[in-house]
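# Coordinate analysis (summary)
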Amino acid sequence: MNALSSLPFEIDAFARVALLLIVAIASAEACERWLRLPRLIGYVLAGLLLGPAVLAWVPPSITGDLRPLMLLGLGLLLFELGSRVDLRWLRHNPLLIVSSLVESGLTFGAIYLFLGWFDLATVTRMAVAAIAVSTSPAVVMRIVAENNARGQMTERLMLMTALNSLYAILLLKISVGMAHLDRNAGLLQAIAHPAYIAFGSFLLAAALAYGMHLARFSHLKRESERFTLVIAVVLLGTTLADRLGLSVPMALLCGGMILRSLSQRLHLFPEHFGAAGALLVIVLFTLTGVALDPRHVVAGGLMSIGLLLIRGLAKYCGAFVSAGYGGLAPSKAAWLGVALLPMSSLAVLQAHEVAGLYADFGDEILAIVLGAVLIMELVGPVATQLALRRSGEAMPTPVEREV
Amino acid sequence: MALENFKSSRPLSLGVELELQILDTHDYALTPMANDLLYWVGRHADHPGNIVPEITQGMIEISTGIHSTHLTLSAELGEIRDFLCRGGRELNLALCGGGTHAFQHWGDARIFHKERFHYISDVYGYLAKQFTIFGQHIHIGCPSPDEALFLLHSLSRYIPHLIALSGASPYVHGHDTGFASARLNSVFAFPLSGHAPMVASWHEFGEYFEKMTRTGVVKSMKDFYWDIRPKPEFGTIEIRVCDTPLTVGHAADLAAYLQALCRYLMVERPIVPVEDDYLVYNFNRFQACRFGTEGILVDPKTGEHRTLREDILETLVRIEQHAIELDADVPCARIKTRVEQGTSDADWCRARFTELGSAPELMRAQALRWQEA
């Protein structure tokens, strides 16, 4: 039975969260010091260890209880990524758009074809391929911050992650539209729904960013108050997108991007918006670990592993498009392909979203995606960190800036 | 290693080197993208100027060819700037002038991967990283080595002029230092900085160099961090005290002023350099760094005190005819206006900082200014 239930006092929810956080920090420290792995891996491993899959000291319900915090953490990272992407850059270097489209298109196409070998519905193949297009914004932002990385590859990593996440969201909505078509829903609905989500999310993002801009947000002197406002905007974006049936990740990503391009003045946020933001990020990754279930790898099996290999290859090829004339040294382009590997919470969120809509083919999608995510949760951060270090863009001795 | 022969070059020919800052367009901190920018440059075969790395990854150095007048010099500088700014847009980085980065911490600098830079870093420790400062070096062609040494020592009296006119580094680590050029304080920390020994002939200079190499302290001329240094392989003297100005236009104007001044010294020979000229050298240099054109200049012979502003304006009158001969009268007139109106790059930085409220915003303003003519 559960070891903790034999104690003379009851372990309440606070104590469990405390335990989870302490183990997360300890294991992050161990990962960095002795294993030279990203700290992020430590958070995930702590969750996996204490979660139902291994020790079961933390009940699975904790992911439900703390879901708002988790979503807020993910929302912050999406918004942060958006605010780091300057769309004006695309105008000056159009090869970047080509590179990003090739990378995403190749990923989508190759995985769709690969899944054709298995007995799967077209819609399932499309949905899984769409989800696989996205590189995890959360993992990328965290690993870039952990390694204090700066340089051309890092810039492109963030840009391409933001773009492929947007494509992934759109492609998934279109796949869902196709599912409507499958079920003999009207053609209008099949097209109108993804279009509504895309335009709606964009308009909401524009409204939020414009609001921040008009409020002369960047003039607030106190960092703590700016952080509070960012939290408020992320919360508002999350709840409004949810109520209006729009895409939350899309609204937040676009919100950050529009804010960046609206004003010539700088919108400087500290990394992850400061210590409070960093806490949310730690909670996000720890809970991601709790939710991991090794049985998914069994269920996903060959399909998950094949998907990862093909996805890796496609991203690797796509990254090369912006090498040479695009201004990226070929050696760095090779590492960019590796850095684009992570798959994490955004994929999980999307898989659950489709599964919630369609019970019949939802399980298949969940099995393949969650199996792949489980592997990538551990491999992805290591790949990105390795790429940042080998390309020489990580700061040799990382400086802790969160405090 | 023995001292090289001094190669003769056309008198008063001009060449300029500028060290530039590479900024992240996200937060306008220095960003280690020198190798990325150099890769981009390498893919454009017929690019203007010469573009090379500097000691840390957040810097890049541009240099012009040899020019005889301000006109062609400023045109080439403009071309190099436009070319690099295009690279900046394609790579999402920004470039700017100014002698220091307003909020960079020396500990964040990364040494550019090149043997000499690692050597310097090993020898000088943090001084090397603190050397992430940005200067303008001006080369003046000299027909003979003895003429070069004459010019070098005659110019020592005017070094404060160039410091005061170029000062563009009031901020260090996010704070106002009160200096017009805080950059030179970093140079002064090096044990072999200061001025060249007071010798009049290349033969004597060779003996001095030999003695220094025998001690093992120096291996080549590059190990001296003097304010003015002979460059035998170019046949020039190199004036190294200027901060990189905020625009290439002002960089070319400074070169024109120096060229006219050198013509005056070479043709009229108003000074016979003596050891005692250096009595007040460091005091005058400090005054120029600290107060710009408001600083005091002490005459080593008469002991007279006057402001640098007065001395520069008077010098401009004295060298006017030489400036006209060199087609440098228009840039000298611009310098006169600046001195009369009391506008300097350092003041501009302070005004923007006050107006915009933060060091990153100041760096962004500097990056925008750099793109202008």
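Residues numbered from 1 in each chain as written. Chains lettered and ligands numbered in written order. Predicted model: local features only at pLDDT ≥ 70, side-chain atom pairs only at ≥ 80, totals over all residues.

All names here are of chain A. Two elements in contact, helix α15 (residues 330–339) and helix α17 (residues 359–390), have axes whose closest approach is 8 Å; the angle formed by their N-to-C orientations is 160 degrees. One element, α15, and the other, α17, form an angle in the roughly antiparallel class. The handedness of the crossing between α15 and α17 comes out as left-handed. Contacts between α15 and α17 pair Trp335, Val338 and Ala339 from the former with Ala383, Thr384, Leu386, Ala387, Leu388 and Arg390 from the latter. For the contact of α15 with α17, the residue count by class is seven nonpolar, one polar and one charged. (Axes fitted to C-alpha atoms, helices over the stretch in contact; angles between N-to-C directions. Helix = DSSP H or I, 4+ residues; strand = E, 2+ residues; numbered from the N terminus. Parallel < 35°, antiparallel > 145°, perpendicular 65-115°, else oblique. Left-handed = near helix turned anticlockwise from the far one by under 90°. Contact = placed C-beta atoms within 7 Å. Nonpolar A, V, L, I, M, F, W, Y, C, P; charged D, E, K, R; others polar.)

The next point concerns the packing of helix α8 (residues 137–146) of chain A against α17 of chain A. Each packed pair of helices is defined by two parameters, the angle between the axes and the distance between the axes. Residue and element names in this part refer to chain A. Contact geometry of α8 with α17 gives a least axis separation of 10 Å together with a crossing angle of 40 degrees. With respect to α17, the element α8 is oriented oblique. Of the two possible hands of crossing, α8 and α17 adopt the one that is right-handed. Contact residues: Val139, Val140 and Ile143 in α8; Gly380, Pro381, Thr384, Gln385 and Leu388 in α17. When grouped by side-chain class, the residues that make up the contact of α8 with α17 number five nonpolar, three polar and no charged.

Sheet faces and side chains relate simply in a regular strand, where the side chains alternate between the two faces. Residue and element names in this part refer to chain B. Among the eleven residues of strand β1 (residues 14–24), eleven are classified as buried, and the element is accordingly described as predominantly covered. Examined bridge by bridge, β1 and strand β5 (residues 135–141) share five bridges and lie antiparallel to one another. Its bridge partner lying in β5, Leu18 is registered against Gln136. Note: β1 against strand β3 (residues 59–63), five bridges, orientation antiparallel. Across the sheet, the residue bridging to Glu17 is Ser63, located in β3. The pairing of β1 with strand β4 (residues 93–96) spans four bridges and is antiparallel. Counted as the bridge partner of Ile22 is Leu95 from β4. (Buried ≥ 20, exposed ≤ 12 C-beta atoms within 10 Å, placed from the backbone. Pairing = 2+ DSSP bridges.)

If you look at the interface, chain B gives 18 residues, while chain A gives 14 residues. Counting residues per element, the ones that place at least two in the side of chain B that touches chain A are α1 (34–42), α2 (70–91) and α15 (359–371) of chain B. A breakdown of the residues in the side of chain B that touches chain A according to their chemical character gives seven nonpolar, four polar and seven charged.

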